[in-house]
Amino acid sequence: MKKRKEIVSIKITIHGLVQGVGFRPFIYRLANDFALTGNVCNNNSGVTIRIEGPASAIDQFLHQLPAQAPIQSNIRSIHTEKMPPQGFRTFQITVSQEGSKNITQISPDIAVCEACLSDRKQQAHRLTYPFINCTNCGPRFSIITALPYDRDKTTMHLFHMCETCQTEYNHINDRRYHAQPIACNQCGPHYELITPTGKTHNYQEVISSAVNLIKQGEIIAIKGVGGFHLGCDALNDSALEQLRHHKKRSSKPLAVLFPNSESLCQYAYFSASEQTLLESWQRPIVLLQHRNKLPVEITRGLNTIGAFLPYMPIHYDLFEQFQNPIVLTSGNISDEPICITNSSAQKQLRSITTHFITHNRIIHNRVDDSVAMVVNDTPRILRRSRGYSPAPIETTLQVEGLLATGAELSNTFAIGKESQVILSQHIGDLKNYETFRFYEETINRYQQLFQFQPQLVIHDLHPDYNSILFAEKSGLPSLAVQHHHAHIAACMAEHELDEKVMGVAFDGTGYGTDGNSWGSEFMICDLSGFDRLNHFEYFPLPGGDAAIKEPWRIGLSLLHHCFGDEWTKLKLPFLENIPPYQINTIIQAIQQHINTPLTCSAGRLFDAVAAITGLCLTSDFHAQAPMLLESVINREIHDHYRSSLSTPLPFKPILKGVITDIHKKEPIGTISARFHNTICQIIIEQLKITRDHLHLNKVALSGGCFQNGFILTKLEKELKNNRFEVYTHSAVPANDGGISLGQILIAAKKQTRCV
Ligand code: ZN
Ligand code: ZN
Ligand code: FE
């Protein structure tokens, strides 16, 4: 017992997400609670604590540290070592140290917290202040220009703290102690409303005028945390029509901001886990089943909406005076990156609106809203951006110096730092010139921000991908990775798997080693390589990628593939509205092999069935056909069509089932359910065969098709019921947004084998 009173002195090194999340003040208070002395400081690799006091108090301090750490922090490791006693008299927060080769993490942006919302009703200098923040909330990644995280390395360095803010910033027991973006009405950023009739800086006027405009059915551009939004009344049909028309977004889902979960409850169904995700500090857009109470201009045939809750004070203020849900969609024209500067917004969005709410806090890093859904009670990130980026993903391999350039669509890139992969925020479609520029700029920025020196550039096999251009231009050694192998590796990385698994990669497209477009892959793979076990048959895609916008072409081609010239006798109504010359052109192109690359993509099968059933003949946005098909499923139907498990997997039995039901005039919901059930059945039966032959039991599911909530829900449950060990995506998208993570792991594995 006597020994526990002995004074000890230790040095604690903490790695992980511990900067910009109120970690040092937390340590200070914890040390004071146990009457310990010493100091804490940030360095480039995390936080260092030197602490001295009775052994028992230090034990308790070490015990409480991980348990009470700020909610946004993420401790990766705690290393302790004994030091000779230093004779500290107090506990202090000391100045940041630079110089370590390592780099710590950057906190994602955090939704405004409850304590700040209440402060802006009480604190004289912050009454209604819309840029209020504290050590637990506010902008982070979007304003950080360099590390370590201090005010002069954020875009807040332009604002000189007033005396009151400075006092709070310096006062250890204040909630804003060392809150780098600290600000108030006197000294911080402010909003400005710009309309054709004038400007105002008065915040109350900004809000009341904005509400009036929204009530009148106008569209407003509003500068947010990581970019501009376009907002309008979600219950006003003509405003929605205008928005869709000018944004050139005819059917693509529009995200809707609701005042609170009570209001959201009137419009959508959500479970406890969906509510937790909606109310989390990341505040993503969450896909929820709606109650058919929103205008069709929003839902456009889909049974889900993208809903989110307020995360900036201005959102709360708008809802003080306006209770309807507000559409808040990204401030861009079609596929371009969202606008982040006041001048670019006023230039690029002027065809959509002449009303702008801007502010003078510079957005340094562009971050879109994140999108997620919940399947089998687990959150699934579909677009990883605000609130999540650039928090790293821990891996079991050394990934230092690896730069993965990602895929073409829904691009993210990734950099490797020691054993962590830092996945970029959602970049978008690299075929768009402006997006490609954003991509190049962001890669350069990450190199500087994270002190990253690329040694090896990893890219997709596809010869036409823009990411290859980047890899070639870099002049660095490069490595090509097959798309679906990268998908499965991304899923394995999430679960720290480094062994042989059965991989199922179902998606829209990915370049195969035979030069064809793959996308229904049953593989045996590990991080070193893969064997392709089975896939659907190849069939011609008339016009190549152009066919994706016209699923009727895909439907026609698949019918011709399965039934030859007999397809004309099937008398399917979906072709009745297509001019015969167009049909003939497609058939001729197929027969003469003109621009008809081969594909076995599962995504294209969904497109074909959506077309053949007459549900979606032309597609306005990526994956519209499969999303519509999923939306109409009758969940009471549990049977499936006949299928065959030969190699390759044939389409004909599935199509026969669909066509018989069309002829029987079965409702579309029944056909869709049977089709989806068939896909699940094929996957389960194929995996059972593989398991029996190869004595493997772990299954990794990846690829865009596993964003289909119906398929993922059913498949995960049924595979588990069949005693498979099932691995699916949660923290990283199943779509091409996860490809860069898989690429980096495959390269890392190759390097370890070469050493
Ligand atoms: Zn706060
Ligand atoms: Zn101030
Ligand atoms: Fe893919």
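Residues numbered from 1 in each chain as written. Chains lettered and ligands numbered in written order. Predicted model: local features only at pLDDT ≥ 70, side-chain atom pairs only at ≥ 80, totals over all residues. Heavy atoms only, no water.

### Description of the overall build of the protein chain
Right, so step 1: When helices and strands are counted, the protein chain shows 22 helices and 29 strands.
Right, so step 2: Against the compact-globule benchmark of 27 Å for 755 residues, the protein chain has a radius of gyration of 28 Å, which places it among compact chains.
Right, so step 3: By principal-axis analysis of the C-alpha atoms, the protein chain measures approximately 90 × 65 × 50 Å.
Right, so step 4: In the protein chain, which comprises 755 residues, the share counted as buried stands at 62%.
Right, so step 5: A fraction of 71% describes how many contacts in the protein chain between residues 6 or more apart in sequence connect residues 24 or more apart.
Right, so step 6: Here the protein chain displays about 29,300 Å² of accessible surface, and carbon together with sulfur accounts for 49% of that area.
Right, so step 7: Of the charged side chains in the protein chain, 69 are positive and 70 negative; the average position of the first set lies 3 Å away from that of the second. (Helix = DSSP H or I, 4+ residues; strand = E, 2+ residues; numbered from the N terminus. Rg over C-alpha atoms; globule rule 2.2 N^0.38 Å. Buried < 20%, exposed > 50% of the residue type's maximum accessible area, 1.4 Å probe, protein only. Contact = heavy atoms within 4.5 Å. Areas by Shrake-Rupley, 256 points an atom, 1.4 Å probe, with all protein chains shown as cover. Lys, Arg positive; Asp, Glu negative; His and termini not counted. Charge placed at Lys NZ, Arg CZ, Asp CG, Glu CD.)

### As for the coordination of the zinc ion (ligand 2)
Right, so step 1: Looking at the metal site, the zinc ion (ligand 2) is ligated by Cys-162 (SG), Cys-165 (SG), Cys-184 (SG) and Cys-187 (SG), spaced 2.2 to 2.3 Å from it.
Right, so step 2: Here the zinc ion (ligand 2) binds four donor atoms, and the angle range of 102 to 116° at the metal identifies the geometry as tetrahedral.
Right, so step 3: Exposure remark for Cys-165: the relative accessible area of 0% places this residue in the buried category. (Donors = N, O, S within 2.8 Å, 3.2 Å for Na, K, Ca; no water. Tetrahedral: all angles 85-135°; square planar, octahedral: opposite > 155°, others 65-115°.)

### Focus: the layout of surface pockets
Right, so step 1: Roughly 560 Å³ of internal volume is contained in the second largest pocket.
Right, so step 2: For the second largest pocket, the lining is made up of 30 residues, of which Asn-74, Gln-282, Tyr-388, Ala-391 and Ala-731 are closest to its centre.
Right, so step 3: Where the lining of the second largest pocket is concerned, the elements lending two or more residues are strand S4 (74–82), helix H8 (272–279), strand S16 (378–383) and strand S17 (393–394).
Right, so step 4: Taken together, the residues that form the lining of the second largest pocket break down as 14 nonpolar, eleven polar and five charged.
Right, so step 5: Here the lining of the second largest pocket gathers at least three residues from each of two domains, domain 1 (7–93) and domain 2 (191–359). (1 Å grid on protein atoms, 1.4 Å probe; cavity = no way out; pocket = protein on both sides within 12 Å on 5 of 7 lines; lining within 4 Å. Points joined across faces, edges and corners; volume = space filled by probe spheres on them. Nonpolar A, V, L, I, M, F, W, Y, C, P; charged D, E, K, R; others polar. Domains from an automatic or database assignment.)

### Description of the pattern of salt bridges
Right, so step 1: As enumerated under the stated definition, the model contains 26 salt bridges in all.
Right, so step 2: Notably, a salt bridge pairs Asp-119 with Arg-176, separated by 2.8 Å at the nearest N-O pair. Note that Asp-119 is positioned in helix H3 (residues 114–122) and Arg-176 in the loop between helix H4 (163–170) and strand S6 (191–195), a separation of 57 residues in sequence.
Right, so step 3: Look at Asp-119 and you get buried, because its relative accessible area is 11%.
Right, so step 4: Exposure remark for Arg-176: the relative accessible area of 1% places this residue in the buried category.
Right, so step 5: Here Lys-473 ties to Glu-440 by a salt bridge, and the two come within 2.8 Å at their closest N and O atoms. Pair noted here: Lys-473 is in helix H13 (residues 466–474) and Glu-440 is in helix H12 (residues 433–449), with a separation of 33 residues, a long-range link. (Salt bridge = Lys/Arg side-chain N within 4 Å of Asp/Glu carboxyl O.)

### Quick notes on the sheet that holds strand S21 (residues 456–460)
Right, so step 1: Across the sheet, which stays open at both edges, the six strands sit in the order S17-S20-S19-S18-S21-S22 with mixed pairing between neighbours. Each edge of the open sheet is held by one strand with a lone partner, namely S17 and strand S22 (478–481).
Right, so step 2: As defined by bridge partners, S17 adjoins strand S20 (residues 420–423) across two bridges and the pair is classed as antiparallel. When the sheet's bridge partners are listed, Ile-393 is paired in S20 with Val-421.
Right, so step 3: With respect to the sheet, H13 is in contact with strand S18 (402–404) and S21, its orientation differing from that of S21 by roughly 155°. (Pairing = 2+ DSSP bridges. Axes fitted to C-alpha atoms, helices over the stretch in contact; angles between N-to-C directions.)

### Digging into the domain arrangement of the protein chain
Right, so step 1: Taken domain by domain, the protein chain consists of domain 1 (7–93), domain 2 (191–359) and domain 3 (539–695).
Right, so step 2: Inter-centroid distance (C-alpha atoms) of domain 1 to domain 3 is 60 Å.

### Here we look at the coordination of the zinc ion (ligand 1)
Right, so step 1: Around the zinc ion (ligand 1), the protein contributes the donor atoms Cys-113 (SG), Cys-116 (SG), Cys-134 (SG) and Cys-137 (SG), which lie 2.3 Å from the metal centre.
Right, so step 2: Each donor residue of the zinc ion (ligand 1) belongs to the same chain, and together they define the spacing C-x2-C-x17-C-x2-C. Here Cys-134 and Cys-137 have matching classes, each one buried.

### Some details on the environment of Gly-53
Right, so step 1: Assignment of secondary structure puts Gly-53 in strand S3 (residues 46–54).
Right, so step 2: Separated by 16 residues in the primary sequence, Gly-53 and Thr-37 have C-alpha atoms spaced 6.6 Å apart.
Right, so step 3: The residues contacting Gly-53, other than those within four sequence positions of it, are Glu-6, Ile-7, Val-8, Leu-36 and Ile-58.

### Examining the nonpolar core
In summary, soluble globular proteins display a tendency toward joint burial of nonpolar side chains.
Right, so step 1: Counting residues in hydrophobic clusters, the biggest one holds 119 residues, and the most contacted among them are Phe-506, Phe-536, Leu-559 and Phe-706.
Right, so step 2: Residue assignment places this core across two domains, with domain 2 (191–359) and domain 3 (539–695) each supplying three or more.
Right, so step 3: Residue contacts for Phe-536: discarding those within four places in its chain leaves Phe-506, Ser-520, Cys-600, Ala-602, Leu-605, Pro-648, Leu-649, Pro-650, Phe-651, Ile-654, Ile-679 and Ile-682. (Core = buried A, V, L, I, M, F, W, Y, C linked by side-chain atoms within 4.5 Å.)

### Here we look at the packing of aromatic side chains
Right, so step 1: A full pass over the atoms with the stated rule returns 20 aromatic pairs.
Right, so step 2: For the pair Tyr-129 and Phe-131, a centre-to-centre distance of 6.0 Å together with 55° between the ring planes defines the contact as tilted.
Right, so step 3: We classify Tyr-129 as buried; its relative accessible area is 2%.
Right, so step 4: Within the aromatic cluster, the residues linked to one another by ring pairs are Phe-141, Phe-413, Phe-436, Tyr-439, Tyr-446, Phe-450 and Phe-470.
Right, so step 5: Sitting over the ring of Trp-518, Arg-532 keeps its end group 3.6 Å from the ring centre.
Right, so step 6: Taking the ring centre of Phe-724 as reference, the NZ or CZ of Arg-691 above it sits at 3.8 Å. (Phe/Tyr/Trp six-rings, centres within 6.5 Å; stacked < 30°, edge-to-face > 60°. Lys NZ or Arg CZ within 6 Å of the ring centre and 35° of its normal.)

### A few points about the side chain of Gln-425
Right, so step 1: Relative to the elements of secondary structure, Gln-425 occurs in the loop between S20 and H12.
Right, so step 2: Its relative accessible area of 1% is what places Gln-425 among the buried residues.
Right, so step 3: From its side chain, Gln-425 meets the backbone oxygen of Arg-366 in a polar contact 2.8 Å long.
Right, so step 4: The contacts of Gln-425, once residues within four sequence positions are left out, are Phe-141, Arg-366, Val-367, Arg-384, Ser-385, Ser-389, Asn-411, Thr-412, Phe-438, Thr-442 and Tyr-446. (Polar contact = N/O pair within 3.5 Å; in protein donor to acceptor, adjacent residues only side chain to side chain.)

### What to know about the pairing of S21
Right, so step 1: The buried fraction of S21 amounts to five of the five residues, a majority that puts the element mostly inside the structure.
Right, so step 2: Alignment of S18 against S21, held across three bridges, turns out to be parallel. Bridging across to S21, Leu-402 finds its partner in Leu-456.
Right, so step 3: Of the strand pairs in this sheet, S21 and S22 are connected by four bridges, and their pairing is parallel. Bridging across to S22, Val-457 finds its partner in Ser-478.
Right, so step 4: Handedness of the crossover joining S21 and S22 through H13: right-handed. (Right-handed = clockwise from strand over helix to strand, strands pointing away.)

### Brief notes about the packing of helix H19 (residues 652–663) against helix H20 (residues 668–694)
Right, so step 1: Between H19 and H20, the least distance of the axes is 10 Å, while the angle of their chain directions is 165°. As judged from the angle between their axes, H19 and H20 are roughly antiparallel. When the axes of H19 and H20 are compared, the crossing they make is right-handed. Seen from H19, the contacting residues are Ile-654, Val-658, Asp-661 and Ile-662; seen from H20, they are Ile-671, Arg-674, Phe-675, Thr-678 and Ile-682. (Parallel < 35°, antiparallel > 145°, perpendicular 65-115°, else oblique. Left-handed = near helix turned anticlockwise from the far one by under 90°.)

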